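So you can see what is in the structure, the chains are spelled out below.
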Amino acid sequence: MVQPDSVSNREQVVDTMIGLTRLTSSHRAIVVGRGSMEFYLALRRRGFLRAATATTCRIPKGQHQVGLIAGQNSLQAIEAALVALSPFLGTNATVAVLI
């Protein structure tokens, strides 16, 4: 069972990352990392219907304006997530990393 404090902390983290990237419902956002599906579902619940994960997005064409890296703790994991994320991002994309 999920503890209420952990749920509110998770929601606060999602809100913070949305604010940092200035994500709007018209932006395409891509989420990668260990907690990407949970983060993706939280975005969908908030009305960000153009959000995707690396596994749900068919072809990486540089079409996303916002990249979110969820749940990476080591520098190597962050680097690997950036490598996985970069083909999906446009040239002027914003990236936020949850550590």
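Cut-offs used in this document
- Residues numbered from 1 in each chain as written.
- Predicted model: local features only at pLDDT ≥ 70, side-chain atom pairs only at ≥ 80, totals over all residues.
- Heavy atoms only, no water.
- Core = buried A, V, L, I, M, F, W, Y, C linked by side-chain atoms within 4.5 Å.
- Buried < 20%, exposed > 50% of the residue type's maximum accessible area, 1.4 Å probe, protein only.
- Helix = DSSP H or I, 4+ residues; strand = E, 2+ residues; numbered from the N terminus.
- Contact = heavy atoms within 4.5 Å.
- Pairing = 2+ DSSP bridges.
- Axes fitted to C-alpha atoms, helices over the stretch in contact; angles between N-to-C directions.

Undergrad: What should I look at first to understand the nonpolar core in this one?
TA: Soluble, globular proteins show a tendency: their nonpolar side chains are buried together. Counting residues in each nonpolar core, the largest one holds 16 residues, and the members touching the most others are Val-14, Ile-18, Leu-23, Val-31, Phe-39, Leu-43 and Leu-68. Those elements that provide at least two residues to this core are helix H1 (4-21), strand S1 (29-33), helix H2 (36-45) and strand S3 (64-70). Among the elements that make up this core, the one with the highest residue count is H2 (four residues). Once residues within four sequence positions are removed from consideration, Leu-23 is found in contact with Ile-18, Ala-29, Leu-43, Phe-48 and Val-66. Within the second largest apolar cluster, nine residues are counted, among which are Val-32, Ile-69, Ala-81 and Leu-85.

Undergrad: Which parts of the structure should I look at to understand the sheet that holds strand S4 (residues 89-97)?
TA: Hydrogen bonding along the main chain pairs the strands of a sheet, whether they run parallel or antiparallel. Across the sheet, which stays open at both edges, the four strands sit in the order S2-S1-S3-S4 with parallel pairing between neighbours. In this open sheet, the two strands that pair with only one neighbour each are strand S2 (51-53) and S4. Across the sheet, the mean angle separating the axes of adjacent strands is 25 degrees when strand polarity is ignored. Alignment of S1 against S2, held across three bridges, turns out to be parallel. Bridge pairing in S2 links Val-31 to Thr-53. Each of S1, S2 and S3 is contacted by H2, which is oriented at about 165 degrees to S2, the strand it contacts most. Against the sheet, helix H3 (residues 75-85) engages S1, S3 and S4, with an angle of about 155 degrees to S3.

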